[in-house]
Amino acid sequence: MKKLAIGILAHVDAGKTTLSEAMLYLSGSISRLGRVDHRDAFLDTDALERERGITIFSKQAVLPLKEAELTLLDTPGHVDFSAEMERTLQVLDCAVLVVSGADGVQGHTHTLWQLLRRHRIPTFLFLNKMDLETRGEQALMEELRARLDENCVSFSRPRDSVFWESVAMCGEEALSSYLETGTVPEEEIAALIAGRKLFPCWFGSALKLEGVEEFLEGLERWAPRPPYPPDFGARVFKIARDPQGTRLTYLKITGGALSVKETLRGPEGAWTEKVDQIRIYSGSKYQAVPRAEAGTVCAVTGLSATRPGDGLGTEPPSVRPLLEPVLTYRLLLPPGCDPHTALPRLAQLEEEDPQLHLVWKEELGEIHLQLMGEIQLEVLRRLIGERFGLEVSFSQGSIVYKETVAAPAEGVGHFEPLRHYAEVRLLLEPGAPGSGLRFASACSPDVLDKNWQRLVLTHLEERQHPGVLTGSPITDMKITLIAGRAHQKHTEGGDFRQATYRAVRQGLMGAENVLLEPWYSFRLELPGENVGRAMSDLQAMGGEFDPPQAQGELTLLAGHAPVAGLRDYQREVSAYSRGRGRLSCRAAGYFPCREQERVVQALGYDPERDVLNPAGSVFCSHGAGYVVPWEQVPRYAHVPSPLAGPEREEAPEPGPERIRPAAPSGSLEQDRELQAIFERTYGKVEPRAFQPAKKPARTSLDGEKYSIRTQNTGPEYLLVDGYNIIFAWDELKQAARENVEAARAMLTDILCDYRGLRRCEVILVFDAYKVKGNPGSVDKQGDIYVVYTKEAETADAYIEKATYDLGRNHRVRVATSDGLEQLIILGHGALRVSARAFRQEIEQAQGQLAELIARHNRKGRELDQLKYTAKITRSKD
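Keep in mind that what you see is a predicted model, and the values were worked out from it rather than measured.

Cut-offs applied
Residues numbered from 1 in each chain as written. Predicted model: local features only at pLDDT ≥ 70, side-chain atom pairs only at ≥ 80, totals over all residues. Heavy atoms only, no water. Helix = DSSP H or I, 4+ residues; strand = E, 2+ residues; numbered from the N terminus. Buried < 20%, exposed > 50% of the residue type's maximum accessible area, 1.4 Å probe, protein only. Areas by Shrake-Rupley, 256 points an atom, 1.4 Å probe, with all protein chains shown as cover. Axes fitted to C-alpha atoms, helices over the stretch in contact; angles between N-to-C directions. Parallel < 35°, antiparallel > 145°, perpendicular 65-115°, else oblique. Left-handed = near helix turned anticlockwise from the far one by under 90°. Contact = heavy atoms within 4.5 Å. Nonpolar A, V, L, I, M, F, W, Y, C, P; charged D, E, K, R; others polar. Pairing = 2+ DSSP bridges. Polar contact = N/O pair within 3.5 Å; in protein donor to acceptor, adjacent residues only side chain to side chain. 1 Å grid on protein atoms, 1.4 Å probe; cavity = no way out; pocket = protein on both sides within 12 Å on 5 of 7 lines; lining within 4 Å. Points joined across faces, edges and corners; volume = space filled by probe spheres on them. Arc of directions from axis to C-beta. Patch = residues over 30% accessible without salt bridge, like charges linked within 9 Å, V, L, I, M, F, W, Y side chains within 5 Å. Salt bridge = Lys/Arg side-chain N within 4 Å of Asp/Glu carboxyl O. Phe/Tyr/Trp six-rings, centres within 6.5 Å; stacked < 30°, edge-to-face > 60°. Lys NZ or Arg CZ within 6 Å of the ring centre and 35° of its normal. pLDDT = per-residue confidence, 0-100.

## Comments concerning the overall build of the chain
Argument step 1. Each helix and strand counted, the chain has 25 helices and 42 strands in total.
Argument step 2. Taken across its 877 residues, the chain has 48% of its residues classed as buried.
Argument step 3. With the model as given, the accessible surface of the chain reaches about 43400 Å², and the carbon-plus-sulfur share is 49%.

Structure representation (structure tokens):
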């Protein structure tokens, strides 16, 4: 039996949930019809949905038919929850668009139609509420053809020549068949629908079950059956939690099959987890199944790192959402609630709804929320109260601004405290509106190695970069790496992070910046006597609109206007039109703010006081770092600009302690910034009491005097680069191909035995720098320490820091075959052991251990023999 995923979409109050109830009732899935106004609809399972009478969260129900099994996905209709609906579109085989026969095509109907066209989803239309006073089927079909698509065809009418002619005009092959036979074959109709060349329409009343059965027959007859490949693939479209708090990953199987306890890997191998349970939901109830075939929409437990839009297996990730939040609010927590405690709990809501953005203002200690509208805000308040027991409120909302540049600018970032070095040059160029941020490299490998270039691009992509006008995120720009420099011994990964961030910031400080504000596309329908008032208001808020169009008793104004003016305008429209006016809006993107100076002054952002996003750079002189203000950085930079002329003086060679003749003296504020940078990287610096320097020991050697450092007598430390060793030893490498976790466990067991024989402290380090939000961990397993590095920290960086800290008081050895890392640890005074030599050590230790065990067993047997002989002797006596 074929499995189909069908979504139901509509403008609010078009009767979408009522149609879902009617379809479920006629298919036998439910035994009693529920109603939205009676608060007993099968798919409105949330208490807030029942209270408000609207759909807020997308839900599913299984609808069995004779030749197919439909999974019905009921999506939200209100514009504030359009993001939930847009994510569901990614897994649909076809869609049902419900249009109210009493109201006709409305503004949000256009938004839904545009999304369906963008995702290329075959669409069926159901004209509902035909039992009420309407304009008639003919007038509604003319409106559909004029405002949606000319290939909308009524399938409720008799199959006469007019019907077949309308179908035939949708495609060349269909027209040829019609001219030959007078009809169009079933398979050609299905092909036209699948290719979005034909949009069948039915008329009826879902509340009275009129026309619903014919509509179901049409779905079963002509809905497209997509082919599925044999290899496993799945698309994640929703994250939720059940009443017990279990995390649910909703996905559609797009190829092969999925079984319980099967191991899944994230995009680009970012994570590996097992499926604990597969649930097939229908309303609020579910059935656990051991296996889900292609085409199934299910919820999976056991996955903690999935995100909406992820592609698993052969499925690629989804395209960027079209809808983005445009309003921001400050979250007001109840007295005594620590925001640091509340933030990780609220992050659960952010992963469930990617269009909800949590912003932590560290300098203010505040949590800000970015979302779509005020109804979403009310729903969020209820969710936080019910799930976390927090009675929260929100400040007066404001607009989510963005920033860009009007002309190309060059940015330079340099980071050179003692024993660190990195320099980056970037070119910032304006991009097309709506293009977002794009990153590229035009730097030669002769200037900067490819591995460092990739690291710079990673740092550009890993965060939102604030602008310098209001601190809002930058967008619509292309940032290109044009030059850079690293030091062979003193450069670490974190150095390029600092240099990259400072280069972006320094370039923005010297650029021509533009403030962008969000705009809505709007459709305003109101009585003719109110058109003059509306046009005056729209012009005052800076909007643009087309000439008014008469639509029966109402007049239509369509155009674009800033969100700042339209966000509360519906209330005014309702007031001056006495409830007859209707305003519908959809996000139209970001455009230059017409009142930039006023907005910048009102927000009062000072980029030079933003200590978390410094624009200056750190240089080194006389063994100490000092901060150079952003406007002077190009004069102190070591790498010449490739954009400058050929007469520029050759840059001097870098060095961690190179003396510059004109080093400015560091102020107290600059010293504090350097200390803050150091502490964020390596931890808090504790002040030490003054101690007089000890005189070095002197000894005579061949008549000359040398200073000999006393040998440390503390325990020896062995640091092991985990993944480097795993992929250097054949047996571990083979195990890792099947299960990386098993390979890690094997290496841990080997090192525990080694530690027991050698009596040294063993620290096994694994990379976890790609794991989003990972704080890092140190666990003791057996007698050794196992370290997983934190986000953005590699095992190399951890080992380099550890050798530097431990090498001052202990003998330190590092097992790795990383050539660059070996050079660095030698500079820290540690001893290196290659993977091959360490393997020989391990084999030697295992041989000694086996010999000890054999010797112990022999002694045991000899002792038992002596005891037995003594016993025999006593018995003879």
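The rest of the description comes next.
## With respect to unusual backbone geometry
Argument step 1. Positive phi, close to 70°, is recorded for Arg419, a residue that is not glycine.
Argument step 2. Assignment of secondary structure puts Arg419 in the loop between strand E24 (409-415) and strand E25 (422-430).
Argument step 3. Given the relative accessible area of 35%, Arg419 is considered partly exposed.
Argument step 4. Unusually for a residue other than glycine, Arg578 sits at a positive phi of about 55°.

## A few points about the packing of helix H10 (residues 339-352) against helix H11 (residues 374-388)
Argument step 1. Where H10 meets H11, the axes come as close as 11 Å, and the angle between the chain directions of the two elements is 130°. Between H10 and H11, the angle falls in the class oblique. H11 is crossed by H10, and the crossing has right-handed handedness. On H11, the residues touching Arg345, Leu346, Gln348, Leu349 and Glu352 of H10 are Leu380, Ile384, Arg387 and Phe388.
Argument step 2. Split into classes, the residues belonging to the contact of H10 with H11 amount to 5 nonpolar, 1 polar and 3 charged.

## A few points about the sheet that holds strand E17 (residues 311-313)
Argument step 1. With respect to topology, 6 strands assemble into an open sheet ordered E14-E13-E16-E9-E8-E17, the strand pairing being antiparallel. The strands lining the two open edges of the sheet, one partner per strand, are strand E14 (285-289) and E17. Across the sheet, the axes of successive neighbouring strands diverge by a mean angle of 40°, strand direction being ignored.
Argument step 2. Relative to strand E16 (residues 297-301), strand E9 (residues 247-255) runs antiparallel, the two sharing 4 bridges. Across the sheet, Lys252 pairs through a bridge with Val297, a residue of E16.
Argument step 3. Packed onto the sheet, H10 meets strand E8 (233-241) and E9 and runs at close to 140° relative to E8.

## What about the pairing of strand E5 (residues 123-128)?
Argument step 1. Burial analysis of E5 places 6 of its 6 residues in the buried class, the great majority of the element.
Argument step 2. Judged from the 3 bridges that link them, E5 and strand E7 (residues 199-203) form a sheet pairing that is parallel. Across the sheet, the residue bridging to Leu127 is Phe203, located in E7.

## Quick word on the sheet that holds strand E4 (residues 94-100)
Argument step 1. With mixed pairing, the 7 strands of this open sheet are ordered in space as E2-E3-E1-E4-E5-E7-E6. At either end of the open sheet lies a strand with only one pairing partner, and these are strand E2 (59-64) and strand E6 (152-154). For this sheet the average axis-to-axis angle between neighbouring strands, irrespective of direction, equals 25°.
Argument step 2. Of the pairings in the sheet, the one linking strand E1 (residues 2-10) to E4 comprises 5 bridges and is parallel in character. Along E4, the bridge assignment pairs Ala10 with Val98.

## Observations concerning the side chain of Asp93
Argument step 1. Within the fold, Asp93 resides in the loop between helix H3 (82-89) and E4.
Argument step 2. Its relative accessible area of 9% is what places Asp93 among the buried residues.
Argument step 3. Polar side-chain contacts of Asp93 include one of 2.8 Å to the backbone nitrogen of Ala5.
Argument step 4. Reaching out from Asp93, the side chain makes a polar contact with the side chain of Lys252 at a distance of 2.6 Å.
Argument step 5. Ignoring anything within four residues of it in the chain, the contact list for Asp93 reads Lys3, Leu4, Ala5, Pro122, Pro224, Pro226, Tyr228 and Lys252.

## Looking at empty space enclosed by the protein
With a probe scaled to a water molecule rolled over the atoms, the places where space remains empty come into view.
Argument step 1. As enumerated under the stated definition, the model contains 2 cavities of 30 Å³ or more in all.
Argument step 2. Taken as a whole, the largest cavity spans an internal volume of roughly 40 Å³.
Argument step 3. At the level of elements, helix H22 (740-758) and helix H25 (835-876) are the ones that each hand at least two residues to the lining of the largest cavity.
Argument step 4. When the residues that make up the lining of the largest cavity are grouped by side-chain class, the tally is 6 nonpolar, 1 polar and 1 charged.

## A few points about helix H14 (residues 531-540)
Argument step 1. Within H14, the full set of buried residues consists of Val531, Ala534, Asp537 and Leu538. Looking straight down H14, one finds its buried side chains confined to an arc of 130°; they lie on one side. Pointing more than 90 degrees away from the buried face of H14 are the exposed residues Gln539 and Ala540.
Argument step 2. In this structure, the buried side of H14 is in contact with strand E28 (513-527), strand E29 (544-545), strand E31 (554-562), helix H15 (563-566) and helix H16 (569-576).

## Here we look at a nonpolar patch on the surface
Argument step 1. A cluster of nonpolar side chains, namely Met169, Leu175 and Leu179, defines an oily patch on the protein surface of about 330 Å² accessible area.
Argument step 2. Assignment of secondary structure puts Met169 in the loop between helix H6 (161-168) and helix H7 (172-181).

## What to know about the pairing of E14
Argument step 1. Here 5 bridges tie strand E13 (residues 277-282) to E14, and the two strands are oriented antiparallel to one another. Looking at the pairing, Arg279 lines up with Ala288 of E14.
Argument step 2. Joining the antiparallel neighbours E13 and E14 is a turn of 2 residues, in which Gly283 adopts a positive phi near 70°.

## Considerations on the environment of Leu175
Argument step 1. Counting through the fold element by element, Leu175 comes out in helix H7.
Argument step 2. In the structure, Leu175 is positioned 11 residues away from Trp164 in sequence and 9.3 Å away in space, judged by C-alpha atoms.
Argument step 3. Among residues more than four places away in sequence, those in contact with Leu175 are Ala168 and Met169.

## What about the pattern of salt bridges?
Argument step 1. As enumerated under the stated definition, the model contains 29 salt bridges in all.
Argument step 2. Glu186 is the partner of Arg221 in a salt bridge, and the nearest nitrogen-oxygen pair spans 2.6 Å. Residue Arg221 is found in helix H9 (residues 212-222), and its partner Glu186 is found in helix H8 (residues 186-194); the two are separated by 35 residues along the sequence.
Argument step 3. According to the relative accessible area criterion, Glu186 is partly exposed, its value standing at 32%.
Argument step 4. A salt bridge links Glu315 to Arg235; the shortest N-O distance between them is 2.9 Å. Of this pair, Glu315 sits in the loop between E17 and strand E18 (327-332) while Arg235 sits in strand E8; the two residues are 80 residues apart in sequence, bridging distant segments of the chain.

## Re the environment of Arg582
Argument step 1. As for its placement among the helices and strands, Arg582 is situated in strand E32 (residues 582-592).
Argument step 2. Residue class for Arg582 comes out partly exposed when judged on its relative accessible area of 27%.
Argument step 3. Residues Arg582 and Arg523 lie 59 residues apart in sequence; the distance between their C-alpha atoms is 8.0 Å.
Argument step 4. Look past the residues within four positions of Arg582 in its chain and what remains in contact with it is Asp103, Gln106, Arg523, Leu524, Glu525, Leu554, Gln570 and Val573.

## Some thoughts on the packing of aromatic side chains
Argument step 1. Evaluated as defined, the whole model comprises 20 aromatic pairs.
Argument step 2. Taken together, a centroid distance of 5.7 Å and an interplanar angle of 75° make the contact between Tyr754 and Phe838 edge-to-face. Pair noted here: Tyr754 is in helix H22 and Phe838 is in helix H25, with a separation of 84 residues, a long-range link.
Argument step 3. The class of Tyr754 is buried, set by a relative accessible area of 3%.
Argument step 4. Looking at Arg279, its charged tip hangs above the ring of Tyr286, at a distance of 4.3 Å from the centre.
Argument step 5. Taking NZ or CZ as reference, Arg839 lies 5.0 Å from the ring centre of Trp729, over its face.

## Re the confidence of the model for the chain
Argument step 1. Per-residue confidence for the chain averages 82 on the pLDDT scale, and 83% of its residues sit at or above 70.
Argument step 2. Within the model, the stretch residues 646-668 combines pLDDT values under 50 with 47 contacts to residues more than four positions away or in other chains.

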